[in-house]
Amino acid sequence: MESRQLSSSGTFIPKYFFPVVMVAATSLVFLHPIISSGELILGITGEPIEAWSTNHLLSSLLIAVITIILLRYASKLKEVWLEADTLRVRNYLKTIQVPLELIERVRLSDGRYKSITVHLRQESEFGKKIYFVPRGAGTFSSEWEKFPDEILRAAEEARRRNARLPRSKRRKAE
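Residues numbered from 1 in each chain as written. Predicted model: local features only at pLDDT ≥ 70, side-chain atom pairs only at ≥ 80, totals over all residues. Heavy atoms only, no water.

Draft legend 1. Seen up close, the overall build of the protein chain. Looking only at helices and strands, one finds three helices and nine strands in the protein chain. The N-to-C order of helical and strand elements in the protein chain reads β-α-β-β-α-β-β-β-β-β-β-α. Taking contacts inside the protein chain between residues at least 6 apart in sequence as the whole, the part at least 24 apart equals 53%. (Helix = DSSP H or I, 4+ residues; strand = E, 2+ residues; numbered from the N terminus. Contact = heavy atoms within 4.5 Å.)

Draft legend 2. Structural context of helix α2 (residues 54–76). Taking 1.5 Å of rise per residue, 23 residues should cover 33 Å, and α2 covers 33 Å from first to last C-alpha, within 8% of that figure. Listed in full, the buried residues belonging to α2 are His-56, Ser-59, Ser-60, Ile-63, Thr-67 and Ala-74. (Expected span 1.5 Å × (residues − 1). Buried < 20%, exposed > 50% of the residue type's maximum accessible area, 1.4 Å probe, protein only.)

Draft legend 3. A nonpolar patch on the surface, seen in detail. Together, Leu-28, Phe-30, Leu-31, Ile-35, Trp-52 and Leu-57 line one region of the surface with nonpolar side chains, adding up to about 570 Å² of accessible area. Sorting elements by how many residues they give to the nonpolar patch places helix α1 (residues 12–35) first, with four residues. Along the chain, the position of Ile-35 falls in helix α1. (Patch = residues over 30% accessible without salt bridge, like charges linked within 9 Å, V, L, I, M, F, W, Y side chains within 5 Å. Areas by Shrake-Rupley, 256 points an atom, 1.4 Å probe, with all protein chains shown as cover. Salt bridge = Lys/Arg side-chain N within 4 Å of Asp/Glu carboxyl O.)

Draft legend 4. Quick look at the nonpolar core. Counting 23 residues, the largest nonpolar core has Leu-6, Leu-87, Val-98, Leu-100, Ile-103 and Val-118 as its most contacted members. When residues of this core are traced back to their parent elements, those giving at least two are β4 (79–82), β5 (86–90), β6 (95–99), β7 (103–108), β8 (116–124), β9 (127–132) and α3 (147–164). Tallying contributions element by element places α3 first for this core, with five residues. The contacts of Val-118, once residues within four sequence positions are left out, are Leu-87, Ile-103, Arg-105, Val-106, Lys-128, Lys-129, Ile-130, Phe-132 and Ile-151. (Core = buried A, V, L, I, M, F, W, Y, C linked by side-chain atoms within 4.5 Å.)

Draft legend 5. Region of interest: the packing of aromatic side chains. Under the criterion given, the structure shown has four aromatic pairs. Seen from their ring centres, Phe-12 and Tyr-92 are 5.8 Å apart, and the 75° between their planes marks the pair as edge-to-face. Here Tyr-92 lies in the loop between β5 and β6 and Phe-12 lies in helix α1, a separation of 80 residues in the sequence. An aromatic cluster is built from Phe-12, Tyr-16 and Tyr-92, whose rings are joined through pairwise contacts. For the cation-ring pair, Lys-78 lies above Phe-126, with the distance from its terminal atom to the ring centre recorded as 5.0 Å. We note Arg-88 situated over the ring of Trp-81; from NZ or CZ to the ring centre the distance is 4.3 Å. (Phe/Tyr/Trp six-rings, centres within 6.5 Å; stacked < 30°, edge-to-face > 60°. Lys NZ or Arg CZ within 6 Å of the ring centre and 35° of its normal.)

Draft legend 6. Highlighting the sheet that holds β6. In spatial order, the strands read β1-β4-β5-β6; together these four strands make up an open sheet with antiparallel pairing. Two strands close off the open sheet at either side, each with one partner strand: β1 (4–5) and β6. As paired strands, β5 and β6 are joined by five bridges and run antiparallel to one another. When the bridges of β6 are listed, Arg-90 appears paired with Thr-95. (Pairing = 2+ DSSP bridges.)

Draft legend 7. Focus on the pattern of salt bridges. Counted under the stated rule, the structure contains nine salt bridges. The salt bridge involving Arg-159 is made with Glu-156; its shortest N-O contact spans 3.5 Å. Within this pair, Arg-159 and its partner Glu-156 are both found in helix α3, separated by three residues, close to a single helical turn. Residue classification places Glu-156 among the partly exposed residues on the basis of a relative accessible area of 35%.

Draft legend 8. Region of interest: the pairing of β4. Side chains of β4 alternate between two faces, with Glu-79 and Trp-81 and Val-80 and Leu-82 buried alike. By the bridge criterion, two bridges tie β1 to β4 in an arrangement that is antiparallel. Each residue of the ladder has a partner; that of Arg-4, found in β4, is Leu-82. For β4 and β5, the ladder comprises four bridges, and the chain directions are antiparallel. Within β5, the residue paired with Leu-82 across the bridge is Leu-87. Between β4 and β5, which follow one another and run antiparallel, lie three residues.

What follows is the structure, given as structure tokens:
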């Protein structure tokens, strides 16, 4: 089996671009009174609100909470390729190979933003769960909905192959 990319090639955008934009927006909303010499600013409703008022601070807090949630979600996203005996996982700084026999289960999210979570039997360098946005999610193609079953089938085949090997040649769980 040759390497097949399962994750979206646009993972970089939600992982790095959107968080930078959200941090900048949060900073601008909060610091606007300093930048504009304490003048009135526009609130979420479009009505002017006074700088450092409760409405201004609540708006800043709301945007900060949204930013933290986005950063938490985005920091977990990985790029994933399915290979013959491994799942190659990359976080843009490091790439690891996860033996397929370490895969316990795979879950497709039911939410609006489609993602796949691969649960491992033991800890990897990226943790026991690997999150990724599947290639083709958000398009009219439904090919990505088959990825969880494909990963589980490959994991089961890898376990069977490994079980047939003599004990001395079996892949060690890393």
